[in-house]
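As a plain string of letters, each chain reads:
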Amino acid sequence: RLPFKDALAAEERRLADNPDRWVGYFRDGLYAKQLSRWFAAFKRENFFVILHHRFISEPNQILKEAFHFLGVDSTFRVPDLSWKNEAGIPRIDLLMRLLSEPSLFSRMYAKLVPLQTRLRLRTYLINLNTKRGQVAESPDPQVMAELKARYKKDIQELERMLGWDLHQWYDV
């Protein structure tokens with residue numbers, strides 16, 4: 001497992017070596033680039049784009065807007081909107097990799113065990129193997145400054161595409 005700074009430096013090589021395996025830590029945050037591909041293929045009005053902080057701070061309002069966008073009953077209320085995705089770190093790295101990455105074991109297992117059973121067991125084991133409320137490392141201020149500079153053009157393009165003011169993203 002690499003420190004975040006090293007993982008960022010290795011991202012292009014990792015993605016080139018195995019594009020299906022690696023999450024692009026930087027690449028996956030280029031929202032304007034991602035949305036532009038979708039907007040090129042489909043009409044903009046077919047998309048409902050939200051800001052994460054709005055969903056966290058006003059989930060019922062966002063759901064009402066989403067339901068309206070989808071043409072379903074916007075008066076419906078979800079009974080439990082409590083946060084479920086608490087940060088954590090793996091207790092055993094090897095087990096987390098086995099559960100998260102394709103392997104000979106996972107291919108054989110897939111042939112023997114039904115999908116729903118595999119998914120339930122995988123979720124159970126990941127939860128069991130995760131130390132909740134802990135994060136792997138604090139972000140390095142220098143790395144954060146470099147990321148801000150690298151993301152700046154994409155954020156500006158996203159503001160233009162969506163007609164939104166994202167000034168708060170420049171100071172994250």
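The following refers to the structure shown. Computed from a prediction, not measured in an experiment: that's the story for all the values here. (Residues numbered from 1 in each chain as written. Predicted model: local features only at pLDDT ≥ 70, side-chain atom pairs only at ≥ 80, totals over all residues. Heavy atoms only, no water.)

Notes on the packing of aromatic side chains
- Taken as a whole and assessed by the stated rule, the structure comprises nine aromatic pairs.
- Plain terms: the ring middles of Phe4 and Tyr25 are 6.0 Å apart, the flat faces sit at 75° to each other, and that makes the pair edge-to-face. Taken together, the residues Phe4 in helix H1 (residues 4-17) and Tyr25 in the loop between H1 and helix H2 (31-41) connect sequence positions 21 residues apart.
- Taking relative accessible area as the criterion, Phe4 reaches 28% and is therefore assigned partly exposed.
- Taking relative accessible area as the criterion, Tyr25 reaches 37% and is therefore assigned partly exposed.
- Taking the centre distance of 6.1 Å and the plane angle of 55° together, the rings of Phe67 and Phe76 count as tilted.
- By way of ring pairs, the aromatic residues Trp38, Phe39, Phe42 and Phe47 are connected into one cluster.
- Note that Arg150 overlies the ring of Phe26, its terminal NZ or CZ placed 3.7 Å from the centroid. (Phe/Tyr/Trp six-rings, centres within 6.5 Å; stacked < 30°, edge-to-face > 60°. Helix = DSSP H or I, 4+ residues; strand = E, 2+ residues; numbered from the N terminus. Buried < 20%, exposed > 50% of the residue type's maximum accessible area, 1.4 Å probe, protein only. Lys NZ or Arg CZ within 6 Å of the ring centre and 35° of its normal.)

From the geometry alone we can't say anything about function, so treat these as descriptive.
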